[in-house]
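Here's the letter readout for the chains.
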Amino acid sequence: MELEIEGPVPYDQSAIWRIHDAYYSERGVAAWTNGDVPYAATSNSGVARQHARLLVELVRELVEDEVLGPDEPVTVLEVGSGLGSFCMNFVDALAHGCGDEGRALAGRLRYLLSD
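Calculation notes
- Residues numbered from 1 in each chain as written.
- Predicted model: local features only at pLDDT ≥ 70, side-chain atom pairs only at ≥ 80, totals over all residues.
- Heavy atoms only, no water.
- Core = buried A, V, L, I, M, F, W, Y, C linked by side-chain atoms within 4.5 Å.
- Buried < 20%, exposed > 50% of the residue type's maximum accessible area, 1.4 Å probe, protein only.
- Helix = DSSP H or I, 4+ residues; strand = E, 2+ residues; numbered from the N terminus.
- Contact = heavy atoms within 4.5 Å.
- Phe/Tyr/Trp six-rings, centres within 6.5 Å; stacked < 30°, edge-to-face > 60°.
- Patch = residues over 30% accessible without salt bridge, like charges linked within 9 Å, V, L, I, M, F, W, Y side chains within 5 Å.
- Areas by Shrake-Rupley, 256 points an atom, 1.4 Å probe, with all protein chains shown as cover.
- Salt bridge = Lys/Arg side-chain N within 4 Å of Asp/Glu carboxyl O.

Caption draft 1: Main features of the nonpolar core. If you look at the biggest cluster of nonpolar residues, it comprises 18 residues, and the most contacted ones within it are Leu55, Val74, Phe90, Leu94, Leu105, Leu109 and Tyr111. Only helix H4 (45-64), strand E1 (74-79), helix H5 (85-97) and strand E2 (109-114) provide two or more residues apiece to this core. Residue contributions to this core peak at 6 residues, all from H4. The contact partners of Val74, leaving out residues within four places of it in the chain, are Leu55, Val59, Leu68, Leu105, Arg108, Leu109 and Arg110.

Next up, the structure:
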């Protein structure tokens with residue numbers, strides 16, 4: 001049996017968007033701090049370190065290929081950042097887990113959070 005609750009609409013105009021918006025408006029940061037929204041598996045320091053190392057390597061290749069200047073800012077956009085735990089772990093990994101290249105990249109990083 002197929003049941004259509006809502007026809008195709010852009011996500012930000014959908015019923016599920018209104019439900020999500022109402023939920024997060026009501027729960028706020030407690031959605032994360034009380035464990036409603038699982039995030040530890042994707043925001044932990046080990047995962048952040050892997051991503052930081054990947055970014056260091058990507059930037060190295062882009063500089064070598066002269067696509068990116070050696071001192072040019074590098075912008076990272078994190079969508080769905082929640083509490084910002086991944087960002088905190090990512091920046092820490094650049095500064096302490098990726099050697100001199102990571103520390104140099106941290107100095108030219110522009111990290112944008114969106115939720």
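Caption draft 2: How the structure looks around the packing of aromatic side chains. Taken as a whole and assessed by the stated rule, the structure comprises 4 aromatic pairs. Ring plane angle 50° and centroid distance 5.6 Å describe the contact between Phe90 and Tyr111, whose orientation is recorded as tilted. Here Phe90 is found in helix H5, whereas its partner Tyr111 is found in strand E2, with 21 residues between them in sequence. Comparing Phe90 with Tyr111, the two get one shared label, buried. Members of the aromatic cluster, each reached through a chain of ring pairs, are Phe86, Phe90 and Tyr111.

Caption draft 3: Seen up close, a nonpolar patch on the surface. Among the surface-exposed residues, Tyr11, Ile16, Trp17 and Ile19 lie close enough to one another that they form a single nonpolar patch of about 410 Å² accessible area. Here Ile19 is to be found in helix H1 (residues 15-27).

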